[in-house]
Amino acid sequence: MTDAEYVKSILDDVSSQLMDLLQKLKEEQDSFSAMGIDYEEKAFYDILIAVAEKFQFEFPESKNIELAKEIRAALRDKEKYADWANSAQIKALMQADIIIILAKHGYPPTPPEIYEKVYNDILEQAENFKKYSD
């Protein structure tokens, strides 16, 4: 194999991998669009699903979707403050909102110590949105 053929082979492999990645991203985008939620709500939905799997409890998909939407709406209300990620007071309000929303929906249907795991994951995701959207 010549150097040119070797380089072409590598470029073909990279190109193929990038096309596969783009296809997977498109499929993921279509998945949350089909669910009637946006990408931020899908991130919270994924957290709810992961927690349910980790702690081995069932929660209906439609309720997870509704819960993800409500959590996102509540966090948007607090994220309007420019420095919310560095404010203990605003984070405490976010935590209270999340706990109230989770309790209202009966999530999780198991011991309340899971609330801390759910809250931490949700807040981390909200901080990631802030960090990468700026």
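Small disclaimer: the values here were computed from a predicted structure and weren't measured.

Regarding the packing of aromatic side chains
Each aromatic ring pair is specified by the distance between its two centres and by the angle formed by the two planes.
Next up, step 1: In total, this model carries two aromatic pairs according to the counting rule given.
Next up, step 2: Centre to centre, the rings of F57 and Y107 are 5.3 Å apart; their planes meet at 70°, and the pair counts as edge-to-face. With F57 in the loop between α2 (39-54) and α3 (61-79) and Y107 in the loop between α4 (88-105) and α5 (114-133), the pair connects residues that are 50 residues apart, well separated along the chain. Y107 carries the same exposure label as F57, and that label is buried.
Next up, step 3: Site record: aromatic cluster; members linked through ring pairs are F57, F59 and Y107.

So, the side chain of E41
Next up, step 1: On the secondary structure map, E41 appears in helix α2.
Next up, step 2: Buried charge E41 goes without a salt bridge, the closest partner of opposite sign being R76 at 4.5 Å.

What about unusual backbone geometry?
Next up, step 1: Geometrically, the link from Y107 to P108 is a cis peptide bond, its omega value of -10° lying close to zero.
Next up, step 2: For P108, the location among the structural elements is in the loop between α4 and α5.
Next up, step 3: One non-glycine residue, Q56, lies in positive phi territory at about 55°.
Next up, step 4: Its location among the elements puts Q56 in the loop between α2 and α3.
Next up, step 5: The class for Q56 is exposed, based on a relative accessible area of 72%.

Criteria and thresholds
- Residues numbered from 1 in each chain as written.
- Predicted model: local features only at pLDDT ≥ 70, side-chain atom pairs only at ≥ 80, totals over all residues.
- Heavy atoms only, no water.
- Phe/Tyr/Trp six-rings, centres within 6.5 Å; stacked < 30°, edge-to-face > 60°.
- Helix = DSSP H or I, 4+ residues; strand = E, 2+ residues; numbered from the N terminus.
- Buried < 20%, exposed > 50% of the residue type's maximum accessible area, 1.4 Å probe, protein only.
- Lys, Arg positive; Asp, Glu negative; His and termini not counted.
- Salt bridge = Lys/Arg side-chain N within 4 Å of Asp/Glu carboxyl O.

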